[in-house]
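Residues per chain are reported as follows:
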Amino acid sequence: MRLTSFTDYSLRTLLFLSAHRDRLVTIQDIADSHAISKNHLMKVVYQLGQAGLVETVRGRNGGLRLAKEPKDINIGTVVRSTESDFFVAECFDRANDTCAITPECVLKHSLHDAMEAFLAVLDRKTLQDLLPPAQNAARPVKLQRGAAA
């Protein structure tokens, strides 16, 4: 399973906002930190706002902040709301399935189980779980592009 860039940017945005809870953050701050398009982030932030996860403050000194506590933001829910589908193989999309072996295929059941397991792991995680240990929480986290996780 590979997540879309939209989901990746959504998770990065939430992590960045969590790491900078002491101030309002701009879309430009996030874009610069991750070297990603401000235009893409505007769409991401809009959807996160629609989902009630991000709050925007308008005006000269405005910016973004989390609308919920990190412990109340479930990663599985975020991923489900930002991914358009979970078709890991052609046979998952019945409308466009042209695979000749679909009726007899046993692999699709294993792939389905794997996808369910993937989502189950994410369902057990909150944004709080993805933050640095409590002793480092007072320090903002500097995220670097290409850094190993």
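Residues numbered from 1 in each chain as written. Predicted model: local features only at pLDDT ≥ 70, side-chain atom pairs only at ≥ 80, totals over all residues. Heavy atoms only, no water.

**Concerning the packing of helix α1 (residues 5-19) against helix α3 (residues 38-50)**
The criterion, for reference: Angles run from 0 to 180 degrees between N-to-C directions of axes, and those axes are lines fitted to C-alpha atoms, restricted for helices to the stretch in contact. Only DSSP runs of H or I covering at least 4 residues are called helices, and only runs of E covering at least 2 are called strands; the numbering of each starts at the N terminus. Orientation is classified from the angle alone, with under 35 degrees giving roughly parallel, over 145 giving roughly antiparallel, 65 to 115 giving roughly perpendicular, and any other angle giving oblique. Working rule for contacts: check all heavy atoms of both residues, and any pair within 4.5 Å makes them a contact. Basically, the charged four are Asp, Glu, Lys and Arg, the nonpolar ten are Ala, Val, Leu, Ile, Met, Phe, Trp, Tyr, Cys and Pro, and anything else, Gly included, counts as polar.
One can describe the packing of α1 onto α3 by two numbers: an axis separation of 10 Å at closest approach and a directional angle of 70°. Taken together, the axes of α1 and α3 are roughly perpendicular relative to one another. Residues Phe6, Tyr9, Ser10, Thr13 and Leu14 of α1 pack against His40, Leu41, Lys43, Val44, Val45, Gln47 and Leu48 of α3. Here the contact of α1 with α3 is built from residues that sort into seven nonpolar, four polar and one charged.

**Points about unusual backbone geometry**
In this structure, Ala35 is a non-glycine residue whose phi angle is positive, near 55°. Here Ala35 lies in the loop between α2 (27-34) and α3.

**Some points on the environment of Tyr46**
We count it as follows: Here's how the labels work: a residue is buried when its accessible area is under 20% of the maximum for its type, exposed when over 50%, partly exposed in between, all with a 1.4 Å probe on protein chains only.
By the secondary structure assignment, Tyr46 is in helix α3. A residue is classified by how much of its surface remains accessible, and Tyr46, at 56% relative accessible area, is exposed. Sequence-wise, Tyr46 and Thr56 are ten residues apart; in three dimensions their C-alpha atoms are separated by 9.3 Å.

**Some details on the nonpolar core**
The tendency in soluble globular proteins is for nonpolar side chains to be buried as a group. For clarity, the cut-off: In these notes, a set of buried Ala, Val, Leu, Ile, Met, Phe, Trp, Tyr and Cys residues joined through side-chain atoms within 4.5 Å is what counts as a nonpolar core.
Counting residues in each nonpolar core, the largest one holds 27 residues, and the members touching the most others are Leu14, Leu17, Ile30, Leu41, Val54, Leu64 and Ile73. Secondary-structure elements contributing two or more residues to this core are α1, α2, α3, β2 (63-66), α4 (75-82) and α5 (107-123). Ranked by the residues each element gives to this core, the list is headed by α1, at five residues. Leaving out residues up to four positions away in the same chain, Leu41 has contacts with Tyr9, Thr13, Ile27, Ile30, Ala31 and Ile36.

**A word on α3**
Keep this limit in mind: Expected span, for any helix, means 1.5 Å times one less than how many residues it has. To obtain the arc, one takes the directions from the helix axis to the C-beta atoms.
Across its 13 residues, α3 extends 18 Å between first and last C-alpha, which sits within 8% of the 18 Å expected from 1.5 Å per residue. For α3, every residue scored as buried is listed here: Leu41, Val44, Val45 and Leu48. The buried residues of α3 occupy an angular sector of 100° when projected down its axis, which confines them to one face. In α3, the exposed residues that point more than 90 degrees away from the buried face are Asn39, Lys43, Tyr46 and Gln50. Packing partners of the buried residues in α3 comprise α1, α2, β1 (54-57) and β2.

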